[in-house]
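Observations on the model geometry
So the chains spell out like this:
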Amino acid sequence: MSKTPKVLFVCLGNICRSPMAQGAFLHVASKAGLKLEADSAGLHGWHVGRPPDRRSQAVALKYGVDIGDQRARVLTPADFAAFTHVIAMDHEILRAVKKMAPDPAPAAVSLFLDHAPGRAGQEVPDPFYGDDDGFEATWADVMEGSEGLIRIFQTV
Ligand code: 4NP
């Protein structure tokens, strides 16, 4: 019997992309009837303990997902044993995540949009310094990534 998948999404500040990815992924998994766990973390501690950016919360809520209970935290080496999958939002984050990961890492480390058909190698751009449209684009990206990612858990 395989253990419950535990997926950790990682971005820079843990207030925009990865909290939205966590919310989208749990939403998609629940609709698919999958029992999964998810969390998110950042590479930097700028916003530790804070809820997601209000723009992230607003766009997630607009699509029926409340991410207001999440609190920012920093990625730690222990996460590579606590989670089965560690998912990076862009290439810079993927590089930093791989650098922190023990070798061999118990968790599978990957780029989020590598799981979305036709989007391999693409990044989820950082919306923090942009306008509200950027957050809409982030939501679309994290939904597409999530719908792709859950397929690896449906084949068991
Ligand atoms: P995130 O976005 O990595 O998607 O959470 C950012 C959030 C905050 C900052 C940068 C990116 N910042 O510079 O504070």
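Scope of this entry: the structure provided in the associated data block. Since the model is a prediction, treat every value here as computed from it, not as a measurement.

1. Thoughts on the overall build of the protein chain
For the protein chain, the count of helices and strands is six helices and four strands. Element order for the protein chain, N to C, with α for helix and β for strand: β-α-β-α-α-β-α-β-α-α. A compact globule built from 156 residues would reach a C-alpha radius of gyration of about 15 Å, and the protein chain, at 14 Å, matches this within 12%. Across its three principal directions, the C-alpha atoms of the protein chain cover 40 × 30 × 30 Å. For the protein chain, the proportion of its 156 residues judged to be buried stands at 49%.

2. With respect to the packing of aromatic side chains
The full count for this structure, using the stated rule, is five aromatic pairs. Relative to Phe 153, the ring of Phe 25 has its centre 6.2 Å away and its plane inclined at 65°; by these criteria the two rings are edge-to-face. Residue Phe 25 is located in helix 1 (residues 17-31), and its partner Phe 153 is located in helix 6 (residues 151-154); the two are separated by 128 residues in the primary sequence. As far as burial versus exposure is concerned, Phe 25 and Phe 153 are alike and both buried. Their ring planes at 80° and their centres at 4.8 Å tell us that Phe 128 and Tyr 129 sit as a pair that is edge-to-face. Residue classification places Phe 128 among the partly exposed residues on the basis of a relative accessible area of 25%. These aromatic residues form a ring-pair network of at least three members: Phe 9, Phe 25, Phe 112 and Phe 153.

3. Some remarks on helix 2 (residues 54-62)
Taken residue by residue, helix 2 has Arg 55, Ser 56, Val 59 and Ala 60 as its buried positions. Seen along its axis, helix 2 keeps its buried residues to an arc of 130°; they face one direction. Facing away from the buried surface of helix 2 by more than 90 degrees, the exposed residues are Arg 54, Leu 61 and Lys 62. As for helix 2, its buried residues are in contact with helix 1 and helix 5 (132-149). One or two steps after helix 2, the chain reaches Gly 64, where phi turns positive at roughly 85°.

4. Observations concerning the site of the ligand
Looking at the ligand, the residues that line it are Cys 11, Leu 12, Gly 13, Asn 14, Ile 15, Cys 16, Arg 17, Trp 46, His 47, Asp 126, Phe 128 and Tyr 129. Between the ligand and Gly 13, the relevant distance is 2.9 Å, taken from an oxygen atom to a main-chain nitrogen or oxygen of the residue. In isolation the ligand has 350 Å² of accessible area, and contact with the protein removes 93% of it. Among the residues making up the shell around the ligand, the classes are represented as seven nonpolar, three polar and two charged.

5. Quick notes on the pattern of salt bridges
Opposite charge on two side chains lets them pair, provided their charged atoms get close. For the structure on display, the rule yields nine salt bridges. Of the charged contacts, one joins Arg 17 and Asp 126 as a salt bridge, the two residues approaching to 3.9 Å between their closest N and O atoms. Of the two residues, Arg 17 sits in helix 1 while Asp 126 sits in the loop between strand 4 (108-111) and helix 5, which places them 109 residues apart along the sequence. Given the relative accessible area of 2%, Arg 17 is considered buried. For Asp 39, the salt bridge identified is with Arg 73, shortest N-O distance 3.2 Å. Placement of the pair is Asp 39 in strand 2 (residues 37-42) and Arg 73 in the loop between helix 2 and helix 3 (79-82), with a sequence separation of 34 residues. What makes Asp 39 partly exposed here is its relative accessible area of 24%. We classify Arg 73 as partly exposed; its relative accessible area is 22%. Members of the salt-bridge network, linked through shared partners, are Arg 17, Asp 90 and Asp 126.

Calculation rules
Residues numbered from 1 in each chain as written. Predicted model: local features only at pLDDT ≥ 70, side-chain atom pairs only at ≥ 80, totals over all residues. Heavy atoms only, no water. Helix = DSSP H or I, 4+ residues; strand = E, 2+ residues; numbered from the N terminus. Rg over C-alpha atoms; globule rule 2.2 N^0.38 Å. Buried < 20%, exposed > 50% of the residue type's maximum accessible area, 1.4 Å probe, protein only. Phe/Tyr/Trp six-rings, centres within 6.5 Å; stacked < 30°, edge-to-face > 60°. Arc of directions from axis to C-beta. Contact = heavy atoms within 4.5 Å. Near = heavy atom within 4 Å. Polar contact = N/O pair within 3.5 Å; in protein donor to acceptor, adjacent residues only side chain to side chain. Areas by Shrake-Rupley, 256 points an atom, 1.4 Å probe, with all protein chains shown as cover. Nonpolar A, V, L, I, M, F, W, Y, C, P; charged D, E, K, R; others polar. Salt bridge = Lys/Arg side-chain N within 4 Å of Asp/Glu carboxyl O.

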